[in-house]
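# Report on the structure
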Amino acid sequence: ALRPLEEVSSAARLGTVAAGAEWAAVSPWRRAWFPWTRSYRPGGAPASAMRRVGVPRILPEGEKSESRGHRAERLRRARIRHEVKMAKEKAREEVESEAWVKERARFENIANSSRLTHRAVALDPDATVPERDQRCVRVGVVGVPNAGKSQLVNTLVGSQICAVSAKTNTTRVETLGALTRGDAQAVLLDLPGVVGPEHYRNPTHATKVSSAWAVAAGCDLLLFIVDANRQARRPDPRVVDLLASARANLERLKYTEVTGLSMPPAVLALNKVDLFRGAEDREALKCVARELAAVHPFEDIFPISAAKGKGTDALLSHLLLRAPRRPWDLPPSAVTDKSMVDQAIEVVRESVYRRLHQELPYSIVPVHDSWTNFDDGSYRIEQTLMVDSVPMKQIVVGTRGSVIGQIGIRARTVLEKMFSRRVHLVLNVKVRKKNNSLRGKARTTEYELY
């Protein structure tokens, strides 16, 4: 008769030959069941038996044991939940730090303040003003790429109507934004980056620049945006060329020799002044202002920070004071002439530009699929990102959908802040047909825009 397994194990620790022989006589299933540790090796215990067994995990009361596959799947899902949670928190922090979000909150607080009820006409966007008393000014926002034009327009109107990213030529077409204060309305036209003919990349780029000059010629006031930080440290020759050729381009478009119409008055905004610190930086900023003022005549110069919302109040006051007496172009509560569908497309495009890099975002076209209004007030928006090839689709989707998930999380956070309600955003990725059109059809408006 065999001894109990506990006694055999104690003898095996001593490494005796008799214990080894007795251990060999133990049935395999009893060896596997016994909780051998990995800290020692019995003298007579087979190596295969030691590899098969280990210390069992002490489970809490009521918990069932799980296999290795089940544990790996559980950990994988927990990791995905953690990544999604971190992406949501990051997107929420980024959106809350945007200047247009702070400007909207500040304006709403002022409008709802009981101390300023006597200024309801000036602060209430739904207030009515007789048409004979209305004033409206059209402002063309002009500048080289990456000067901060779109971010300034978003900050002034208090909404995300223009895509903003660190990449050049993010703005593809002119975008209209509007804000109403009292009896005056300012209509801001965010134009694509303007450069000289030597910087044209293709005929489409040349057409966009020509269109930007044509729109600027029909405005009442021009607002030139310059990246003061870049101009002070590494002067951009395109800025001086832009200001030097502005008069000739605008007078040519307005047919000054025939009509006698002169170019619109101009205002200069030196952006990104929050990056200047110290007396030397302030002196460099003054040198930039004097240099640019000598190239083109400006009515006034405003140091601003579109990203932080600094100096924008003085600039906005100047724009509203220049408003001539004319009926408003948009209702007082409207911030843009775009539909909600177009605004959602612009938000998704911005998220694509922020997440993807190099030349990849420029070849992705967001297309609207459907819009559903639910009874609880939420929206369901479905869009498709059209790409050129299957490898590009794999990059956009990412590992386990991580890239497209991050794009959707940030876009949904911005849309919920814009529309002040819950948004269900569904993004699909599809490969464009071989005939270089959207969904195999003829070239559509979406394709021409992007």
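Residues numbered from 1 in each chain as written. Predicted model: local features only at pLDDT ≥ 70, side-chain atom pairs only at ≥ 80, totals over all residues. Heavy atoms only, no water.

### Quick word on the packing of helix 15 (residues 340-355) against helix 17 (residues 402-419)
Note the threshold: To obtain an axis, a line is fitted to C-alpha atoms, over the contacting stretch when the element is a helix, and the angle between two such axes runs from 0 to 180 degrees between their N-to-C directions. Each helix corresponds to a stretch of at least 4 residues labelled H or I by DSSP, and each strand to a stretch of at least 2 residues labelled E; elements are numbered beginning at the N terminus. In what follows, roughly perpendicular refers to angles from 65 to 115 degrees, roughly parallel to angles under 35, roughly antiparallel to angles over 145, and oblique to any angle outside these ranges. Note on convention: near helix rotated counterclockwise from far helix by under a right angle means a left-handed crossing. Clockwise means right-handed. We call two residues contacting when some pair of their heavy atoms lies within 4.5 Å. Polar here means any residue outside two lists: the nonpolar Ala, Val, Leu, Ile, Met, Phe, Trp, Tyr, Cys and Pro, and the charged Asp, Glu, Lys and Arg; Gly therefore counts as polar.
Taken N-terminus to C-terminus, the directions of helix 15 and helix 17 make an angle of 140°; their axes are 9 Å apart at the nearest point. Classified by the interaxial angle, the pair formed by helix 15 and helix 17 is oblique. Judged by the sense of rotation from one axis to the other, the crossing of helix 15 with helix 17 is right-handed. Seen from helix 15, the contacting residues are Met340, Gln343, Ala344, Val347, Val348, Glu350, Ser351, Val352, Arg354 and Arg355; seen from helix 17, they are Val403, Gln406, Ile407, Arg410, Ala411, Val414, Leu415, Met418 and Phe419. Split by residue class, the contact of helix 15 with helix 17 holds 12 nonpolar, 3 polar and 4 charged.

### Let's talk about a positive patch on the surface
To be explicit about the condition: Patches here: salt-bridge-free residues with over 30% relative accessible area, like charges joined within 9 Å, nonpolar side chains (Val, Leu, Ile, Met, Phe, Trp, Tyr) joined within 5 Å. For accessible areas, the Shrake-Rupley method is used with a probe of radius 1.4 Å. Any residue's cover is judged against the shown protein chains and nothing else. Any carboxyl oxygen of Asp or Glu within 4 Å of a side-chain nitrogen of Lys or Arg constitutes a salt bridge here. In this charge count, Lys and Arg are treated as positive and Asp and Glu as negative; neither His nor the chain ends contribute. We put the charge of a Lys on NZ, of an Arg on CZ, of an Asp on CG and of a Glu on CD.
Judged by side-chain charge, Lys102, Arg277, Lys308 and Lys310 come together as a positively charged surface patch. Inspection of the secondary structure assignment puts Lys102 in helix 6 (residues 99-111).

### Thoughts on the sheet that holds strand 7 (residues 365-373)
Strand pairing in a sheet is mediated by backbone hydrogen bonds. Such pairs are either parallel or antiparallel. The condition that has to hold: Here, a strand pair is defined by DSSP locating no fewer than two bridges between the strands.
Read from one edge of the open sheet, 3 strands run 7-8-9, paired in mixed fashion. Each of the sheet's edge strands pairs with one partner strand only, and the pair in question is strand 7 and strand 9 (423-431). Going across the sheet, the axis of each strand differs from the next one's by a mean of 20°, ignoring polarity. When strand 8 (residues 379-387) meets strand 9, the two strands line up parallel, connected through 9 bridges. Each residue of the ladder has a partner; that of Val387, found in strand 9, is Val431.

### Let's talk about the environment of Leu319
Convention followed: Burial classification: accessible surface area is computed with a 1.4 Å probe over protein chains only, and a residue below 20% of its type maximum counts as buried, one above 50% as exposed, and the rest as partly exposed.
By the element assignment, Leu319 lies in helix 14 (residues 312-321). Accessibility expressed as a relative area gives 0% for Leu319, which makes it buried. Between the C-alpha atom of Leu319 and that of Val187, which follows or precedes it by 132 residues, the distance is 9.7 Å. The contacts of Leu319, once residues within four sequence positions are left out, are Val137, Val139, Leu188 and Leu221.

### Considering the packing of helix 16 (residues 390-397) against helix 17
One can describe the packing of helix 16 onto helix 17 by two numbers: an axis separation of 4 Å at closest approach and a directional angle of 60°. With respect to helix 17, the axis of helix 16 lies oblique. Along its contact with helix 16, which presents Ile395, Val396 and Val397, the element helix 17 presents Ser402, Val403 and Ile404. By residue class, the composition of the contact of helix 16 with helix 17 is 5 nonpolar, 1 polar and no charged.

### Some words on the side chain of Asn229
Selection rule: In protein, a polar contact means a hydrogen-donor-capable atom and an acceptor-capable atom, both N or O and within 3.5 Å, with residues adjacent in sequence counting only if both atoms are side-chain atoms; elsewhere, any N or O pair within 3.5 Å suffices.
By secondary structure assignment, the location of Asn229 is in helix 10 (residues 228-233). Among the polar contacts listed, one links the side chain of Asn229 to the side chain of Arg233, at a separation of 2.6 Å. Contact partners of Asn229, with chain neighbours within four places excluded, come to Asn271, Lys272, Leu275 and Phe276.

### Quick look at the packing of aromatic side chains
Applicable threshold: Within 6.5 Å between ring centres, the rings of Phe, Tyr and Trp (the latter by its six-membered ring) count as paired, and their orientation is classed by plane angle as stacked under 30 degrees, edge-to-face over 60, tilted in between.
For the coordinates displayed, the defined rule picks out 5 aromatic pairs. Relative to Phe298, the ring of Phe224 lies with its centre 5.9 Å away and its plane at 75°, an arrangement referred to as edge-to-face. Highlighted residues: Phe224 in strand 4 (residues 221-227) and Phe298 in the loop between helix 13 (278-295) and strand 6 (301-303), separated in sequence by 74 residues. Assessed through its relative accessible area of 17%, Phe298 is described here as buried. Look at Trp371 and Tyr379: their rings are 5.1 Å apart centre to centre, the planes differ by 50°, and that puts the pair in the tilted class. We classify Trp371 as partly exposed; its relative accessible area is 22%.

### Topic: the sheet that holds strand 6
Across the sheet, 6 strands lie side by side as 2-3-1-4-5-6; this open sheet has mixed pairing. The strands lining the two open edges of the sheet, one partner per strand, are strand 2 (175-181) and strand 6. On average, each strand axis in the sheet is tilted by 25° relative to the strand beside it, whichever way the strands run. Looking at chain direction, strand 1 (residues 135-142) and strand 3 (residues 184-190) are connected through 7 bridges and run parallel. Paired with Arg138 across the bridge in strand 3 is Val187. Together, strand 1, strand 2, strand 3 and strand 4 form the strand contacts of helix 8 (residues 149-157), whose direction differs from that of strand 3 by roughly 155°. This element, helix 11 (residues 237-253), spans strand 1 and strand 4 of the sheet and lies at about 165° to strand 4.

### Examining the pairing of strand 8
With 8 of 9 residues buried, strand 8 is to be regarded as a mostly interior element. Counting the residues in the hairpin turn of strand 7 and strand 8 gives 5 residues, including Gly377, whose phi is positive at 95°.

### Structural notes on helix 15
As a reminder, the rule being used: How far a helix is expected to stretch is found by multiplying one less than its residue total by 1.5 Å.
Here helix 15 spans 23 Å end to end across 16 residues, near enough to the 22 Å set by a 1.5 Å rise per residue. Every buried residue of helix 15 is listed here: Gln343, Ala344, Ile345, Glu346, Val347, Val348, Arg349, Glu350, Ser351, Val352 and Tyr353. The inward-facing, buried residues of helix 15 contact strand 7, strand 8, helix 17 and strand 9.

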